[in-house]
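# Chain and residue survey
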Amino acid sequence: MPNAALAANALAMPEFGAALRKLWPRGNSRIGGLVESITTTAPAVFDEYEISTPLLVAHVMAQISHECGAGTVVIENLNYSARRMTQVWPSRFPNVSSAAPYAQNPRALANKVYNGRMGNRPGSDDGWNFRGRGAVQTTGREGYARLMASTGLDVVTHPDLVNDPAHFLRCGVADFVNCGCLPFARRDDVRGVTRRLNGGFIGLRDRMAWLARWKRSLGVQ
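Now for the nonpolar core. The biggest cluster of nonpolar side chains holds 52 residues, and the ones touching the most others in it are W24, F46, M61 and W214. Of all elements in the fold, only α2 (13-23), α3 (34-48), α4 (54-67), α9 (141-151), α10 (168-178), α11 (182-186), α12 (190-198) and α13 (204-218) reach the threshold of two or more residues within this core. At seven residues, the largest contribution of residues to this core is made by α4. Formed by 12 residues, the second largest nonpolar core is a distinct cluster that contains Y80, A99, A110 and Y114.

Printed below as a string of structure tokens:
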């Protein structure tokens with residue numbers, strides 16, 4: 001059976017669209033038409049990346065739902081108070097006075113905490129330009145370059161393409177696959193999927209809750 005037919009049969013796209021609308025009630029609040037665009041592009045995207053069973057769809061959508069807040073958190077918020085910075089980045093900001101110059105200054109903070117790593121160039125605007133965006137919060141010049149290589153979309157020159165509704169799902173699924181999540185998803189191993197995508201287990205409880213919701217909605221036993 002061709003992959004496209006397999007994906008269509010396994011997924012039952014009308015059920016996917018209905019599940020997305022139910023589980024993402026505010027999914028269009030940040031990007032207009034996002035829910036509709038995800039529903040429209042899902043068959044081709046899932047076929048391209050071999051997301052060919054309801055179980056795999058549930059794992060992909062659980063991670064995406066957590067990372068982007070079901071469509072409500074599509075770009076990283078770096079508008080921090082000085083005190084909050086000392087809690088999030090204690091090694092970079094050991095006290096409030098050291099954090100004060102970056103308080104409520106998202107661009108300066110992004111460049112401070114992200115430049116010099118993840119492929120971001122020191123002394124550049126890379127930290128800000130390549131802050132977290134999209135379905136799985138793609139971050140860093142290296143992350144955007146990897147995404148461009150796998151999708152053909154020039155998200156390095158135009159990072160906001162990651163949040164274009166026409167490309168939102170494809171970028172998220174490409175990152176999911178690029179991170180090596182698929183073998184763990186096939187084994188229904190949410191911890192393994194989370195470790196590959198997140199680099200740890202941040203938000204694991206919420207990711208597990210999303211997985212349970214998507215499984216129920218897609219009829220996964």
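Let us now look at the packing of α4 against α12. Between α4 and α12, the shortest axis-to-axis distance is 11 Å and the interhelical angle comes to 50 degrees. Between α4 and α12, the angle falls in the class oblique. At the point where α4 passes α12, the crossing takes the right-handed sense. Contact with α4, carried on its side by H59, Q63 and E67, involves V190, V193, T194 and L197 of α12 and no other residues of that element. Of the residues that constitute the contact of α4 with α12, the class distribution is three nonpolar, three polar and one charged.

What follows is about α3. An ideal rise of 1.5 Å per residue puts 21 Å on 15 residues; α3 measures up with 20 Å between its terminal C-alpha atoms. Helix geometry: α3 is bent most strongly at A42, by close to 50 degrees, with proline P43 lying one to four residues after it. Within the span of α3, buried status applies to L34, V35, S37, I38, T41, A42, V45 and F46. Directly after α3, the chain includes E50, whose backbone phi takes a positive value near 60 degrees.

A word on the pattern of salt bridges. Taken as a whole and judged by the stated rule, the model has seven salt bridges. Between R107 and D125 there is a salt bridge, and its shortest N-O distance comes to 3.1 Å. Within this pair, whereas R107 is found in helix α7 (residues 106-114), its partner D125 is found in the loop between α7 and α8 (126-129), the two being separated by 18 residues in sequence. Between D188 and K215 there is a salt bridge, with the nearest N and O atoms lying 2.8 Å from each other. Residue D188 is found in the loop between α11 and α12, and its partner K215 is found in helix α13; the two are separated by 27 residues along the sequence.

Looking at where R21 falls in the secondary structure, it is placed in helix α2. In the structure, R21 is positioned 52 residues away from V73 in sequence and 17 Å away in space, judged by C-alpha atoms.

Within the secondary structure, R205 sits in helix α13. With 12 residues separating them in the primary sequence, R205 and S217 have C-alpha atoms 19 Å apart.

Looking now at the confidence of the model for the chain. Residues of the chain with pLDDT of at least 70 account for 94%, and the chain-wide mean is 94. Note that residues 1-10 has pLDDT below 50 and, in this model, 11 contacts with residues that lie over four places away or in other chains.

Criteria and cut-off values
- Residues numbered from 1 in each chain as written.
- Predicted model: local features only at pLDDT ≥ 70, side-chain atom pairs only at ≥ 80, totals over all residues.
- Heavy atoms only, no water.
- Core = buried A, V, L, I, M, F, W, Y, C linked by side-chain atoms within 4.5 Å.
- Buried < 20%, exposed > 50% of the residue type's maximum accessible area, 1.4 Å probe, protein only.
- Helix = DSSP H or I, 4+ residues; strand = E, 2+ residues; numbered from the N terminus.
- Axes fitted to C-alpha atoms, helices over the stretch in contact; angles between N-to-C directions.
- Parallel < 35°, antiparallel > 145°, perpendicular 65-115°, else oblique.
- Left-handed = near helix turned anticlockwise from the far one by under 90°.
- Contact = heavy atoms within 4.5 Å.
- Nonpolar A, V, L, I, M, F, W, Y, C, P; charged D, E, K, R; others polar.
- Expected span 1.5 Å × (residues − 1).
- Bend = angle between axes of the 7 residues up to and from the residue.
- Salt bridge = Lys/Arg side-chain N within 4 Å of Asp/Glu carboxyl O.
- pLDDT = per-residue confidence, 0-100.

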